[in-house]
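Chain by chain, the residues:
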Amino acid sequence: MYPEDLKYTDKHEWVRSGNGSTVRVGITGYAADALGDVVYVSLPQVGEEVAKDDACVEVESTKSVSDVFSPASGVITSVNEMLNSTPEVINADPYGDGWMFELEVSDPSEFDETLDADAYAELVGE
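Now for a description of the structure that goes with this document. Bear in mind the structure is a predicted one, so any value in this text is a computation, not a measurement. Residue positions are given per chain, counting from 1 as you read along its sequence in written order. Restriction of local features to residues with pLDDT of at least 70 applies here, the model being predicted, together with a cutoff of 80 or more for giving and counting side-chain atom pairs; totals for whole chains, interfaces and linings are based on all residues. With hydrogens and water stripped out, all remaining heavy atoms of the structure feed into the side-chain values.

Taken residue by residue, a regular strand's side chains alternate between the two faces of the sheet. Classification of residues uses two cut-offs on accessible area relative to the type maximum, computed with a 1.4 Å probe and protein chains only: under 20% is buried, over 50% is exposed, and between them is partly exposed. In this text, helices come from DSSP runs of H or I with a minimum length of four residues, and strands from runs of E with a minimum of two, each type numbered from the N-terminal end. Taking burial as the measure, the five residues of strand S9 (residues 101-105) include four buried ones, the bulk of the element. Sheet topology places strand S8 (residues 74-79) next to S9; five bridges connect them, and they run antiparallel. Of the residues in S9, the one forming a bridge with Ile76 is Leu103. A pair of strands is treated as paired once DSSP finds two or more bridges between them.

Time to look at the packing of aromatic side chains. Aromatic rings from Phe, Tyr and Trp, taking only the six-membered ring of Trp, are treated as a pair when their centres fall within 6.5 Å; an angle between ring planes under 30 degrees marks them as stacked, one over 60 as edge-to-face, and anything in between as tilted. Across all of its chains, the model carries four aromatic pairs by this definition. Each ring, one from Tyr2 and one from Tyr8, has its centre 6.0 Å from the other, and the planes form 75°; the classification is edge-to-face. An identical accessibility class is assigned to Tyr2 and Tyr8; each is buried. With 5.0 Å between their ring centres and 90° between their planes, Tyr2 and Tyr120 make a pair best called edge-to-face. Of this pair, Tyr2 sits in the segment before strand S1 (7-8) while Tyr120 is found in helix H4 (residues 117-123), placing the two residues 118 residues apart along the sequence. The burial state of Tyr2 is the same as that of Tyr120; both residues are buried. Through pairs of rings, three or more aromatic residues link up here, namely Tyr2, Tyr8 and Tyr120. Only lysine NZ and arginine CZ atoms are considered, and such an atom sits over a ring when it is within 6 Å of the ring centre and within 35 degrees of the ring normal. Residue placement shows Lys11 over the ring face of Phe69; its charged tip is 6.0 Å from the ring centre. Between Arg24 and the ring centre of Trp99, over which it is positioned, the NZ or CZ distance is 3.9 Å.

On to the environment of Gly29, then. You can see Gly29 is positioned in helix H1 (residues 29-35). Sequence separation between Gly29 and Asp93 is 64 residues; the distance between their C-alpha atoms is 8.2 Å. Any pair of residues with heavy atoms lying within 4.5 Å of one another is described as a contacting pair. Contact partners of Gly29, with chain neighbours within four places excluded, come to Pro94 and Tyr95.

Now for the sheet that holds strand S3 (residues 22-27). As summarised here, the arrangement of the six strands in space is S1-S2-S3-S9-S8-S5, forming an open sheet in which the pairing is antiparallel. Edge positions in the sheet fall to S1 and strand S5 (49-50), since each has one partner strand and no second.

Right, let's get into the sheet that holds strand S4 (residues 38-42). The three strands are arranged S4-S6-S7 in an open sheet whose pairing can be described as antiparallel. The open sheet has two free edges, formed respectively by S4 and strand S7 (65-69), since each of these has just one partner strand. Taking the axes of each pair of neighbouring strands and ignoring which way they run, one obtains an average angle of 25° across the sheet. Relative to S7, strand S6 (residues 55-61) is paired through five bridges, and the arrangement is antiparallel. Note on S7: the bridge partner recorded for Val59 is Ser66. For helices, the fitted line uses only the C-alpha atoms of the stretch in contact; every axis is such a line through C-alpha atoms, and the angle between N-to-C directions lies from 0 to 180 degrees.

Without other data, these values stay purely geometric and don't point to any function.
Have a look at this one:
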């Protein structure tokens, strides 16, 4: 149900390891379903420094507005510009084209508290 190659946070973000200390971040399918149809996404700025648990993305849906939090401290190195014109891709492909930003992580030990796919499924009761 949840991709095994990802790490998950208790705030419903996923993290995919990339090159070196760069990770890609998005929200889980569970979070996307809970939000409903996503209609707008406010992405962070490339070069912005964020701390672990900082709200750095705002997602607006037909039901509510929710924040997406940084899973670690670091610098935003890339954002998914496609979400500016087609935010609904978050609902259609949350683990692929629906990614939100890439982060150059300054302290990898901050991932020590992340969950694997089984632990995340248990967290959300699936």
